[in-house]
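So the chains spell out like this:
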Amino acid sequence: MAKSAFTDEDDALLGELGIEVEAKKQKSLTPREERIIAGFEDIQRFFEEHGRAPQHGERNDIFERMYAVRLDRLRQLEECRTLLEPLDHQGLLGEAQTPAVTFDEDIDDDALLEQLGIETETAGITELKHVRSSAEKRAAEEVANRERCEDFETFKPLFEQVQAELKDGVRQSRTIRKDAGFLKTDIREGEFFILNGQTLYVAEVGEPIKAPNGEMDARLRVIFSNGTESNLLLRSLQRAIYKDETSRRITEPTAGPLFGDAQEEEDLASGTIYVLRSKSANPVVSENRELLHKIGVTGGSVEARIAGAAKDATYLLADVEVVATYELFNINRKKFERLMHRVFEPARLEISIPDRFGNPVEPREWFLVPLFVIDQAIEKFREGTIGDFVYDPSRGMLIER
């Protein structure tokens, strides 16, 4: 008899008799529905492992916080609830609740994670674009067996310093280059990486050991920014980094040439730092001409940048003289500019001049700082120590904070 001849009651009766009934053909799912289901299954696995639904909170792991936001969204969207309720044997959807993190209907994942205080490149939660493959999950599991780091207070200042240096541009997080299935990176003691959105620190690299395949390996002590640690193998960490498409290496403060005299083939030009003097006849400017400098950064040519200086209040409505330039490589020029301006903030020129329409303008990039001190600051940036210094106008020198 054809399957279509059976009713639901027939199926139930046959089931009671112990006769397997061919499952009815499921309605085909759209790619978006498949992604929504896969994302919900991640939350279900979390529930099975921890015995509770994921929760918000800064002390929680990044994935738990992401799952909590995702669950809030799934609870709110009627189309998601309709799709997932037949699969929700754990009662996770419940009643739609007011989420701990408020968001617009179309907010993307980057904005959501920024609200959570997390810097990551994970794909959109609402669209669940990045559903990890089984290979990625296996790689992640190799670093998932962690325990509480008893001496985390020793390492916490290192993570805080790295975050500050990333923000100021002293360090960079760079995509790890991968080619033909081979992870082109060495893992050394003292290095920082971002794996699955979480910062990790390689605290120790043990003695080399020979793996069964003949390759050299080593046992690591890896500290994670959430206060846990793992003693995984170096090759396991390499595989996990390779499988995570968003993994990144955090550079050393002195990693790679920052300025033009040592550029290498792989370096990416970021721009030019320029130091200017004004030719303005303004009494305040003329009285301090040798001391007053504008520090800026441009992605193009300096000549093009200052071509209209005499008509621009930012340049004090006067022509300028270029007294120094430095080429920047592999550095976020805007972050660098903010960092340098913060160092010299105590010597910022307070002046208000009218623009060509008569509106008052307060230029913010002019500082009463000797040129040799600017050179010293550039050198400390090169060394990665500039974050420890600030300019003291009374002594005319950089001093430690």
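Note that this is a predicted model, so its numbers are computed, not measured. (Residues numbered from 1 in each chain as written. Predicted model: local features only at pLDDT ≥ 70, side-chain atom pairs only at ≥ 80, totals over all residues. Heavy atoms only, no water.)

1. So, the sheet that holds strand 7 (residues 216-224)
Moving on, step 1. The strand order across the open sheet formed by 7 strands is 1-8-7-6-5-9-2, and the pairing between neighbours is antiparallel. Only two strands of the sheet have a single partner each, and these edge strands are strand 1 (147-148) and strand 2 (173-175).
Moving on, step 2. The pairing of strand 5 (residues 192-195) with strand 6 (residues 198-210) spans 4 bridges and is classified as antiparallel. Along strand 6, the bridge assignment pairs Ile 194 with Thr 199.
Moving on, step 3. Along the sheet, helix 7 (residues 152-168) contacts strand 2, strand 5, strand 6, strand 7 and strand 9 (248-250); its crossing angle with strand 6, the most-contacted strand, is approximately 120°.
Moving on, step 4. Across the sheet, helix 8 (residues 234-243) touches strand 5, strand 6 and strand 7, and the angle it forms with strand 7 is around 65°. (Pairing = 2+ DSSP bridges. Helix = DSSP H or I, 4+ residues; strand = E, 2+ residues; numbered from the N terminus. Contact = heavy atoms within 4.5 Å. Axes fitted to C-alpha atoms, helices over the stretch in contact; angles between N-to-C directions.)

2. Observations concerning the nonpolar core
Moving on, step 1. One finds Ile 273, Phe 336, Phe 344, Val 369 and Leu 398 to be the most contacted residues of the largest nonpolar core, which totals 25 residues.
Moving on, step 2. In terms of residue count, helix 12 (residues 371-383) provides more of this core than any other element does, 5 residues in total.
Moving on, step 3. Within the second largest apolar cluster, 15 residues are counted, among which are Leu 276, Leu 292, Ala 309 and Trp 366. (Core = buried A, V, L, I, M, F, W, Y, C linked by side-chain atoms within 4.5 Å. Buried < 20%, exposed > 50% of the residue type's maximum accessible area, 1.4 Å probe, protein only.)

3. A look at the pairing of strand 6
Moving on, step 1. The loop that links strand 5 with its antiparallel partner strand 6 comprises 2 residues; one of these, Asn 196, has a positive phi angle of about 55°.
Moving on, step 2. Pairing geometry for strand 6 and strand 7, over 8 bridges, is antiparallel. Bridging across to strand 7, Tyr 201 finds its partner in Ile 223.

4. Things to note about helix 3 (residues 62-76)
Moving on, step 1. In this model, helix 3 (15 residues) spans 22 Å end to end at C-alpha, consistent with the 21 Å of a helix rising 1.5 Å per residue.
Moving on, step 2. Counting buried residues along helix 3, 13 of its 15 residues qualify, which places the element largely inside the surrounding structure. (Expected span 1.5 Å × (residues − 1).)

5. Some points on the packing of helix 2 (residues 31-50) against helix 3
Pairs of packed helices are described in terms of their axes, by the angle between the two and the distance that separates them.
Moving on, step 1. Closest axis-to-axis distance for the helix 2/helix 3 pair is 10 Å, and the angle between their directions is 125°. The pairing of helix 2 with helix 3 is recorded here as oblique in orientation. Judged by the sense of rotation from one axis to the other, the crossing of helix 2 with helix 3 is left-handed. Touching Ile 36, Gly 39, Phe 40, Asp 42, Ile 43 and Phe 46 of helix 2 are Glu 64, Tyr 67, Arg 70, Leu 71 and Leu 74, all from helix 3.
Moving on, step 2. Here the contact of helix 2 with helix 3 is composed, by residue class, of 7 nonpolar, 1 polar and 3 charged. (Parallel < 35°, antiparallel > 145°, perpendicular 65-115°, else oblique. Left-handed = near helix turned anticlockwise from the far one by under 90°. Nonpolar A, V, L, I, M, F, W, Y, C, P; charged D, E, K, R; others polar.)

6. As for unusual backbone geometry
Moving on, step 1. One non-glycine residue, Leu 316, adopts positive backbone phi at about 65°.
Moving on, step 2. Looking at the element boundaries, Leu 316 is found in the loop between helix 10 (302-305) and strand 12 (320-329).
Moving on, step 3. The class of Leu 316 is buried, set by a relative accessible area of 5%.

7. A short note on the packing of helix 11 (residues 333-343) against helix 12
Moving on, step 1. It is at 12 Å that the axes of helix 11 and helix 12 come closest, and there the two elements cross at 125°. Between helix 11 and helix 12, the crossing angle belongs to the class labelled oblique. The handedness of the crossing between helix 11 and helix 12 is right-handed. Contact with helix 11, carried on its side by Phe 336, Leu 339 and Met 340, involves Ala 377, Ile 378 and Phe 381 of helix 12 and no other residues of that element.
Moving on, step 2. Residue classes in the contact of helix 11 with helix 12 are distributed as 6 nonpolar, no polar and no charged.

8. Side note on the confidence of the model for the chain
Moving on, step 1. Residue-level pLDDT values for the chain average 75, and 71% of them are 70 or greater.
Moving on, step 2. Mean pLDDT per element in the chain: strand 4 (residues 182-183) is the minimum at 42, and strand 15 (residues 366-368) is the maximum at 93.
Moving on, step 3. Ignoring residues within four places in sequence, the model shows residues 100-110, a span with pLDDT below 50, making 25 contacts including any to other chains.
Moving on, step 4. Every residue in residues 112-142 scores below 50 in pLDDT, and together they form 66 contacts with partners more than four places removed in sequence or on other chains. (pLDDT = per-residue confidence, 0-100.)

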